[in-house]
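# Examining the three-dimensional arrangement
Next come the chains, spelled out residue by residue.
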Amino acid sequence: MTDELLARTLHANGTLSREQIQGAIKGRVQGERLGQAIVRQGMLSIADLQRVELGSNGNGHNGNGHTQAPASTPTQAVVEAPEEVEDVSALTLYIVDHDDSADPAQAPVVRYANELLKYAITLGASDVHFEPQPGGLLPRYRVDGALQSGQLLPIELSAPILSRFKVLANVDITEQRMPQDGRFRVKIGSKTIDFRVSSLPSIHGEKIVLRLLNHSSLETDLTKLGFARRDKAIFERMLQRSHGMILVTGPTGSGKTTTLYAALNSARDATKNVMTIEDPVEYELEGITQTSTQTDIGLNFARVLRAALRQDPDVILVGEIRDDISVRAALTGHLLLSTIHTNSAVATISRLRDMGVPSYLLSSSIAGIVAQRLARLTCKSCRGPVAPDDPRRAEWAHFFHMDENAPFQEGKGCAKCKGRGTKGRVAILEIMEVDAEMRRAISADKDAESLRQAARSNGFISMIDDAREKINFGFLSPQEAMNVLMGHEE
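The following paragraphs examine the structure supplied in this document. (Residues numbered from 1 in each chain as written. Predicted model: local features only at pLDDT ≥ 70, side-chain atom pairs only at ≥ 80, totals over all residues. Heavy atoms only, no water.)

Here we come to the side chain of Glu206. Here Glu206 shows up in strand E8 (residues 205-214). Its relative accessible area of 8% is what places Glu206 among the buried residues. For Glu206, the side chain forms a polar contact with the side chain of Ser199, separated by 3.4 Å. (Helix = DSSP H or I, 4+ residues; strand = E, 2+ residues; numbered from the N terminus. Buried < 20%, exposed > 50% of the residue type's maximum accessible area, 1.4 Å probe, protein only. Polar contact = N/O pair within 3.5 Å; in protein donor to acceptor, adjacent residues only side chain to side chain.)

Rendered as C-alpha cells:
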C-alpha cells in the first residue's frame, strides 16, 4: 500500500485525524515509510496498522456483472473457491506446551509476535518469511502461492521477534551461524495450527520462515482439490488395488502432500492397516499409524520402511521415493503411495530408471502416476470476459491449442479477492494409469515419446488438456494457467 493510499484510508475510517497524519509525515526520517513513522511515533501498533491494510486492500471493482461458468459436464467437476478465511484478530492465541507468565519482561514482545501470527492466520497464509533488511525486519506472507509484503518492522524489534520464534521452536537462540529447524503449535478459537520454523543466516542477519499447517483446513475431498469426475474415477480405481505403487509427482509446493492425504482418506477403512513414513509428519490423521524419520539417530526412510513392512501393513505412504527399496515393497502385497520430483507423469518412468530401478521392476510395480501443478483460481465474484482485441489471445490460443476467439475469462479484482483477481488454488492434473499395454512398453525400455503415445491410446489426458477444460469453464485465467505450465512437456 502506498503512503498516499494509507493516509487516505487512515483518515477515511477515522483511525487517525488529519493532524495526526500530517504530524507523522513531518516526523519521518530519511527513507522512512509513512507506516513505519506512525508505528515509531506510537500512534498505532504494527498489528493495528496491518489490520487497516488488510481491511482496505483491494477496494475497486464491485464484482457486478461477472460471468457464470457453464454447468459441468459428466467429465468436469465443479471447482469451488475456498470459504472466507476467519478473522482471528480479536481471539486469544494460546501456545501449546509453553508458559509465558514466568517472564513478564517479555510480555510486549510476546504480544507483538502473537499479533503477527494472528495476522498470518487471518490472511490464510501458508508461509511467513521474516527477512532482515538494512532498515528493519520485513514480514512477507505467502497467500495462494504468491508472496505479499507486510509492514517493515523497526530494526530494534528484529532480534527480539526472531528470538521469540526460536524460543517457541525450542532451538538454540544463541546460534545464528548455522541453520536450525523446529516447530510449535498454537490454538486459537476452534483452530489448531502447527508452525514449522526454519532459520538461515543471511548477510543482513538471520532469516526465519514459518510454515503454517492448519489442521482444520486440510482438504481431503478430491473434487475440491481439482479432480474432474473422470480423473477422480481413475484415481479411486487405482486406490482400490491391493498392491502396487501410486506416485504423485510435481515440483515443490505443487500440492503433492495434500493429494496423498486425500488418497489416504479414500483408501483407509476399519479393515486395513494404514501406515505413513514422513519427514516430518505434517498432519495427524485419525486411524492411521504415522512415523517420522530421525536421521540424526540413523532412523532414515529405508530403515523405517523395513520395520513397517514387518507391521502387517495394507497401505503404506512413504514421503518420497529415495531408492528401489520402496519400489520392491509394492511387489510384496502392499499398496504404496509416494512422491517424486519430475515434470510430468511420463517423465517419472525415465527418472526412476535413472535412479537405477530396472524396467522389469517398474512394469510390475507401478499402478499409476499423478502429475500436478497448483494454479490460482479466478475469483468468481469478479471474473469477466477478456476483451476480443486483447493481444494476449493469440499466445493463449497457440499454447492451449484453442480458438483465438474462445470465451477467455479473468478476474478483474474486487473486495472479496482483495484486488488480486484470484482466490484459492486448484490442481492442474494428469493421471497415467498403467495398463497392460503400458506395462509392455515400460518393460521393453521404450523412450518417453513412445510411452506418451501408449498412454494417449489409453485415454490419457495431459495437464495442458486439463487446464484447457478449466479455462473453458472459467475456473482459471489462461494467463495464470500458462504461467504455471510453461515448459511442461505435452
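Another aspect to go through is the sheet that holds strand E9 (residues 244-249). With respect to topology, seven strands assemble into an open sheet ordered E11-E10-E12-E13-E9-E14-E17, the strand pairing being mixed. Of all strands in the sheet, those bounded by a partner on one side alone are strand E11 (289-292) and strand E17 (422-433). The sheet shows a mean angle of 20° between the axes of neighbouring strands, direction not considered. Relative to E17, strand E14 (residues 366-378) runs antiparallel, the two sharing ten bridges. Looking at E17, one finds that Gln372 is bridged to Leu429. (Pairing = 2+ DSSP bridges. Axes fitted to C-alpha atoms, helices over the stretch in contact; angles between N-to-C directions.)

This next bit is on the packing of helix H15 (residues 436-443) against helix H16 (residues 448-456). At a minimum axis separation of 9 Å, H15 and H16 run at an interaxial angle of 175°. Between H15 and H16, the angle falls in the class roughly antiparallel. Across the interface between the two elements, Glu437, Met438, Ala441 and Ile442 of H15 pack against Leu451, Ala454 and Ala455 of H16. Here the contact of H15 with H16 is built from residues that sort into six nonpolar, no polar and one charged. (Parallel < 35°, antiparallel > 145°, perpendicular 65-115°, else oblique. Contact = heavy atoms within 4.5 Å. Nonpolar A, V, L, I, M, F, W, Y, C, P; charged D, E, K, R; others polar.)

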